[in-house]
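Structural description and commentary
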Amino acid sequence: MTITTQDDLPLYGNFIDKKWQPALSGQTITLKNPSDGSDLALIARGSAEDIDLAVKAARKALSGPWGKMSATERGRIMQNIGQAVLKEIDLLTELEAKDVGKPLTQARADVIALARYLEFYGAAADKVHGETLPYQDGFTVMTIYEPQGVTGHIIPWNYPMQILGRSLGASLAMGNATVVKPAEEACLTILNFARIADEAGLPAGVLNVVTGLGLEAGAALSAHPDINHVSFTGSLRTGEAVQTAAAKHAVPVTLELGGKSPQIVFADADIDAALPYLVNAGIQNAGQTCSASSRILVQRDIYEDVVARMSERYKALIVGSALTDPSVGPVVSQRQKAIIDSYIELAKQDGLTIAAQGTLSSDAPKDGAYVLPTLIRDVPADHRLAQEEIFGPVQVIMPFDTEEEAIALANGTDYGLVCGVWTRDGARQMRMARSVQAGQVFVNNYGAAGGVELPFGGVKRSGHGREKGFEALYSFATLKTIAVWHG
Ligand code: NAD
């Protein structure tokens, strides 16, 4: 990796066909450190021409050594990359903390998750197989899974390493070649990952990374006529644009568009066990998590008790610079802070009650993008705070009386990504799990510690298609049926 400097800042190029190169336009974008507002690095401002080069490099790679390699060998290279990622855990952790504003503990967990995706999908590469099908006499019919071709991956800024790992892992395992467009707010770990993968033996052109703005490089990737699949994680609005662009070439897309995920707490629940999940699932990564639990629904008998006990936890949350490993870091940018602050302001204007907030550390740099974690109580179900994805450390809490009401509230938004249910009643656990509209349901836990193995994705406006788990491998493959007439 050639990192030169400009204005005393590291300058990163695009990674195309095993070579680091500046954007063809020569333009750059400045990355900021959200903990203190300082300039962090310069990245290439790639555009349609750079994307075109990357797609061509990926296409070429499919007819090179990668296209001829056995699935076992592909998987072995991926597992070697996973090991190489772990060897650089300290560097990647620090870069992610500075770039995204992630507290060190979370950034480190993300590096481990990236390595785990490569391990999981590398090991799975030679375990996807077709079938033979009973058919008419004289025929032998079989199905085989083949690579789709060139897959595009548009990655958001909130979990660059994890989201890269989950979509790239499944795609590479199936033998595709890839073009990655990381987010313009945070992409240093992805650029370093390209270097690590190259050094660990990934052949030329199999992974290309083009940085740049969404409306330029991102739009060009989703509209490119020689792409065979687009995987996108991000906002609903951009997801619609990506799907529309890809539809012009009949290209399949996987969309993961966030949510307004509830945790439902019944009066018989083990509240001591639930409490850390109720709060952490809302404030992890400063609430900038697609599967964040931003709505807490509590049965009325225990409502006041849960509000009080969550409030205590909120008051103990310290917000500070990512490198001090606080309970909550800054949000990714001043722009994101302004969006979140506007929701907290709206709550105040509409007379909603703020039950509790966290505390800003006395040594938090003054130009950081800090938002105090905020718990807002008794929010009406149709209020914007109970309906819209805020993507910040803000949770709403509201009471319900009956199981039917809990289901109606849980399902009463446009989204359907994740749902948590807390109850000791086994039959109710199953009734709730079957009734809520969500891609994942967690009973008496939330998130199952990440779960690389667990298929993930949404219903309704949370998107479609599944990533993670073995299931994702089929999303990045195409099924061919071969019917042989032999008489
Ligand atoms: P975004 O959806 O616009 O950006 C995500 C990725 O898409 C980035 O790589 C971006 O460069 C790219 N992109 C942007 N416009 C594009 C286009 N027209 N065509 C192709 N690619 C494009 O998200 P954002 O503007 O960074 O954040 C806005 C809101 O999106 C947040 O407040 C949050 O609600 C939501 N969001 C959700 C997730 C998630 O994990 N579900 C992640 C990031 C943001």
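The rules we used
- Residues numbered from 1 in each chain as written.
- Predicted model: local features only at pLDDT ≥ 70, side-chain atom pairs only at ≥ 80, totals over all residues.
- Heavy atoms only, no water.
- Helix = DSSP H or I, 4+ residues; strand = E, 2+ residues; numbered from the N terminus.
- Buried < 20%, exposed > 50% of the residue type's maximum accessible area, 1.4 Å probe, protein only.
- Contact = heavy atoms within 4.5 Å.
- Areas by Shrake-Rupley, 256 points an atom, 1.4 Å probe, with all protein chains shown as cover.
- Pairing = 2+ DSSP bridges.
- Axes fitted to C-alpha atoms, helices over the stretch in contact; angles between N-to-C directions.
- Near = heavy atom within 4 Å.
- Polar contact = N/O pair within 3.5 Å; in protein donor to acceptor, adjacent residues only side chain to side chain.
- 1 Å grid on protein atoms, 1.4 Å probe; cavity = no way out; pocket = protein on both sides within 12 Å on 5 of 7 lines; lining within 4 Å.
- Sits in = over half its atoms within 2 Å of the grid points.
- Nonpolar A, V, L, I, M, F, W, Y, C, P; charged D, E, K, R; others polar.
- Domains from an automatic or database assignment.
- Buried area = accessible area lost by both parts, 1.4 Å probe.
- Salt bridge = Lys/Arg side-chain N within 4 Å of Asp/Glu carboxyl O.
- Parallel < 35°, antiparallel > 145°, perpendicular 65-115°, else oblique.
- Left-handed = near helix turned anticlockwise from the far one by under 90°.
- Points joined across faces, edges and corners; volume = space filled by probe spheres on them.

1. Looking at the overall build of the chain
- Within the chain, the secondary structure is distributed over 16 helices and 24 strands.
- Each principal axis of the C-alpha atoms in the chain carries an extent, and together these give about 70 × 70 × 40 Å.
- Taken across its 487 residues, the chain has 57% of its residues classed as buried.
- Considering only intrachain contacts with a sequence separation of at least 6, the fraction spanning at least 24 residues in the chain is 74%.
- Accessible area of the chain: about 19000 Å², with a carbon and sulfur share of 53%.

2. Concerning the sheet that holds strand β24 (residues 477–485)
- Strands sit in the order β7-β8-β24 across an open sheet of three strands; the sheet is antiparallel. Each edge of the open sheet is held by one strand with a lone partner, namely β7 (132–133) and β24.
- Taken together, the two bridges between β7 and strand β8 (residues 139–147) define a ladder with antiparallel strand orientation. Within the sheet, the bridge partner assigned to Leu133 lies in β8 and is Val141.

3. Structural notes on the sheet that holds strand β2 (residues 9–12)
- The four strands lie next to each other as β1-β2-β6-β5, forming an open sheet whose pairing is mixed. Strands at the two margins of the open sheet, each flanked by one partner only, are β1 (4–6) and β5 (28–32). Recorded for the sheet is a direction-independent mean angle of 35° between the axes of neighbouring strands.
- Pairing between β1 and β2: three bridges, direction antiparallel. Counterpart to Gln6 in the pairing with β2 is Leu9.
- Each of β2, β5 and β6 (39–44) touches helix α7 (residues 188–199); the most contacted strand, β6, lies at about 55° to it.

4. What about the site of the ligand?
- Taken together, 29 residues form the shell around the ligand, and within it Trp157, Lys181, Glu184, Ser235 and Thr238 come nearest.
- Between Trp157 and the ligand, the recorded distance is 2.6 Å, taken from a side-chain N or O atom to an oxygen atom.
- With the chains in place, 90% of the 790 Å² that the ligand exposes on its own is no longer accessible.
- In this structure the site holding the ligand corresponds to the largest pocket.
- Mapped onto the shell around the ligand, the elements with two or more residues apiece are α8 (214–223), β12 (229–233), α9 (236–247) and α12 (334–349).
- Take the shell around the ligand: its biggest share by element is five residues, from α8.
- Of the residues that constitute the shell around the ligand, the class distribution is 13 nonpolar, ten polar and six charged.
- Both domain 1 (2–257 + 466–481) and domain 2 (261–450) contribute no fewer than three residues apiece to the shell around the ligand.

5. Description of the domain arrangement of the chain
- The domain boundaries assigned to the chain delineate domain 1 (2–257 + 466–481) and domain 2 (261–450).
- Residue-level contacts link 24 residues of domain 1 with 29 residues of domain 2.
- Summing both partners gives a buried area of about 2000 Å² for domain 1 against domain 2, and 55% of it is carried by carbon and sulfur.
- Contact with domain 2 buries surface across domain 1, with Ser35, Pro103 and Trp157 losing the most and accounting together for 25% of the total.
- At the surface where domain 1 touches domain 2, the tally comes to one salt bridge.
- Between Arg335 and Glu185 there is a salt bridge, with its nearest N and O atoms 3.6 Å apart.

6. Side note on the packing of helix α1 (residues 48–62) against α8
- Close contact between α1 and α8 brings their axes to 8 Å; oriented N to C, the two are set at 40°. Between α1 and α8, the interaxial angle falls into the category oblique. Seen from above, α1 lies across α8 with right-handed handedness. Residues Ala48, Ile51 and Val55 of α1 form the contact with α8, whose own contacting residues are Ala217, Ala220 and Leu221.
- By residue class, the composition of the contact of α1 with α8 is six nonpolar, no polar and no charged.

7. Notes on the pairing of strand β20 (residues 394–400)
- Within β20, seven of the seven residues are buried, which leaves the element mostly enclosed by the surrounding structure.
- Sheet topology note: the strand β15 (residues 293–299)/β20 ladder contains five bridges and is parallel. Residue Ile296 lies in a different strand from β20, and its bridge partner there is Ile397.
- Note that strand β19 (residues 374–377) and β20 share four bridges and pair parallel. Bridging across to β20, Leu375 finds its partner in Gln395.

8. A word on the layout of surface pockets
- Counted as a void, the largest pocket has a volume near 1200 Å³.
- At the level of elements, α8, β12, α9 and α12 are the ones that each hand at least two residues to the lining of the largest pocket.
- Take the lining of the largest pocket: its biggest share by element is six residues, from α9.
- In terms of residue class, the lining of the largest pocket is built from 19 nonpolar, twelve polar and nine charged.
- When residues are assigned to domains, the lining of the largest pocket turns out to be shared by domain 1 (2–257 + 466–481) and domain 2 (261–450), each giving three or more.
- Together, 37 residues line the second largest pocket, and Gln106, Tyr159, Gln284, Ala449 and Gly450 are the ones closest to its centre.
- Looking at the lining of the second largest pocket, the elements with two or more residues in it are α5 (104–124), α6 (160–173), α10 (271–283) and β22 (440–443).

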